[in-house]
Amino acid sequence: MRVSNPRWRWCLLGLWLLASVAGAATGDQLFAQGVSAFKNGDYRLAVVYFQQAQASGLERSSLYFNLGASLYKLGQYTEAEEAFRLCARDPVWVSLASYNAGLSAYQRGDRTAAAGYFDRAWRTADSDDVGALALTMLERVDVAASRRPRATVTLDAGYNDNVTLSADGQTLL
């Protein structure tokens, strides 16, 4: 179709721009698509969606955690560790993110870094499950850690069905 009238060209350009803006996904939509891709086992696509959500300006700890989990599944341990470190800046996520950063460092063969992450996860754990996992891994990577006296005392009331359920309900494990 050939458009000779300049007004029509501007109208068509305006409509095209409007359609482009309307079709652009928000950070929250991209994040949700990443969660869906992860749950379907498409970790590469999940990484793409999470990175697009981040590029769109979405900044939340669960984004970094889920990006790290996706990268970990792909065997990209250095990148996963970095995403978990960013997530661990949030006090709510520090123990779980540190534990997962430790797993990433362990997979890379860096026992010293892994021990540091596992120790931080154990010290900051607000759940017995994460604390126990972190202590088990700490003892695996740091022989001296198994000889150090450690104790955990907890009093729980209520029901804990999922220690890692996030507030927004879209945390991957």
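Before reading on, note that the structure itself is shown above.
Residues numbered from 1 in each chain as written. Predicted model: local features only at pLDDT ≥ 70, side-chain atom pairs only at ≥ 80, totals over all residues. Heavy atoms only, no water.

**What to know about the overall build of the chain**
Just so we agree on the cut-off: The numbering of helices and of strands both runs from the N terminus, where a helix is a DSSP run of H or I of at least 4 residues and a strand a run of E of at least 2. Burial classes follow relative accessibility: with a 1.4 Å probe on protein chains only, a residue under 20% of its type's maximum area counts as buried, one over 50% as exposed, and anything between as partly exposed. Whether two residues are in contact is decided by their heavy atoms, any of which lying within 4.5 Å being enough. Each accessible area value is a Shrake-Rupley result obtained with a 1.4 Å probe; residue values ignore everything except the protein chains displayed when judging cover.
From N to C terminus, the chain includes 8 helices and 0 strands. For the chain, the N- to C-terminal ordering of α and β elements is α-α-α-α-α-α-α-α. Here the chain holds 173 residues, and 38% of them are scored as buried. For the chain, restricting intrachain contacts to residue pairs at least 6 apart in sequence, the fraction spanning at least 24 positions comes to 53%. Total accessible area computed for the chain in this model is approximately 10600 Å², and 54% of it derives from carbon and sulfur atoms.

**Section: helix α4 (residues 61-73)**
Going by this rule: Any helix carries an expected span of 1.5 Å times its number of residues minus one.
With 13 residues, α4 ought to run about 18 Å at 1.5 Å a step, and its terminal C-alpha atoms sit 19 Å apart, in line with that. Burial analysis of α4 places 11 of its 13 residues in the buried class, which makes it a mostly covered element. For α4, every residue scored as buried is listed here: Ser 61, Ser 62, Leu 63, Tyr 64, Phe 65, Asn 66, Leu 67, Gly 68, Ala 69, Ser 70 and Leu 71. Against the buried residues of α4 lie α2 (27-39), α3 (43-55), α5 (77-87) and α6 (94-108). After α4 finishes, the residue Gly 75 shows a positive phi value of roughly 80°.

**Here we look at the pattern of salt bridges**
The cut-off we apply is this: Note on definitions: salt bridges are taken to be side-chain nitrogens of Lys or Arg within 4 Å of carboxyl oxygens of Asp or Glu.
Inspection of every chain in the model, using the stated rule, returns 6 salt bridges. Between Arg 85 and Glu 81 there is a salt bridge, with the nearest N and O atoms lying 3.6 Å from each other. Placement of both Arg 85 and Glu 81 in helix α5 is noted, with a separation of 4 residues, approximately one turn of the helix. On the accessibility criterion, Arg 85 (38% relative accessible area) is partly exposed. Looking at Glu 81, the relative accessible area reads 5%, which means it is buried. The salt bridge involving Arg 85 is made with Glu 82; its shortest N-O contact spans 2.1 Å. With Arg 85 and Glu 82 both in helix α5, this residue pair falls 3 residues apart, about one helical turn.

**Some points on the nonpolar core**
In plain terms, the rule: By nonpolar core we mean a set of buried residues, namely Ala, Val, Leu, Ile, Met, Phe, Trp, Tyr and Cys, connected to one another through side-chain atoms within 4.5 Å.
Formed by 42 residues in total, the largest nonpolar core has its most connected members in Phe 31, Phe 50, Tyr 99 and Phe 118. Elements with a contribution of two residues or more to this core: α2, α3, α4, α5, α6, α7 (111-124) and α8 (128-141). With 7 residues, α6 is the largest single contributor of residues to this core.

**Concerning the packing of aromatic side chains**
For any pair of aromatic rings, the description rests on two quantities: the centre-to-centre distance and the angle between the ring planes. Selection criterion: We call Phe, Tyr and Trp rings a pair once their centres come within 6.5 Å, taking the six-membered ring for Trp, and we label the pair stacked below 30 degrees between planes, edge-to-face above 60, and tilted otherwise.
All told, the structure shown has 6 aromatic pairs when counted by the stated rule. Between the aromatic rings of Phe 31 and Phe 50, the centroid separation amounts to 5.7 Å while the plane-to-plane angle is 50°, which identifies the pairing as tilted. Placement of Phe 31 in helix α2 and of Phe 50 in helix α3 is noted, with a sequence separation of 19 residues between them. Given the relative accessible area of 1%, Phe 31 is considered buried.

**Remarks on α3**
Rules: Note: the arc covers the axis-to-C-beta directions of the helix.
Across its 13 residues, α3 extends 18 Å between first and last C-alpha, which sits within 8% of the 18 Å expected from 1.5 Å per residue. Inspection of α3 places Ala 46, Val 47, Tyr 49, Phe 50 and Ala 53 among the buried residues, and these make up the whole buried set. For α3, the angular spread of buried residues about the axis comes to 165°, placing them on one side. Across α3 from its buried face, at more than 90 degrees, point the exposed residues Arg 44 and Ala 55. Looking one or two residues past α3, Gly 57 carries a phi angle of roughly 105°, positive in sign.

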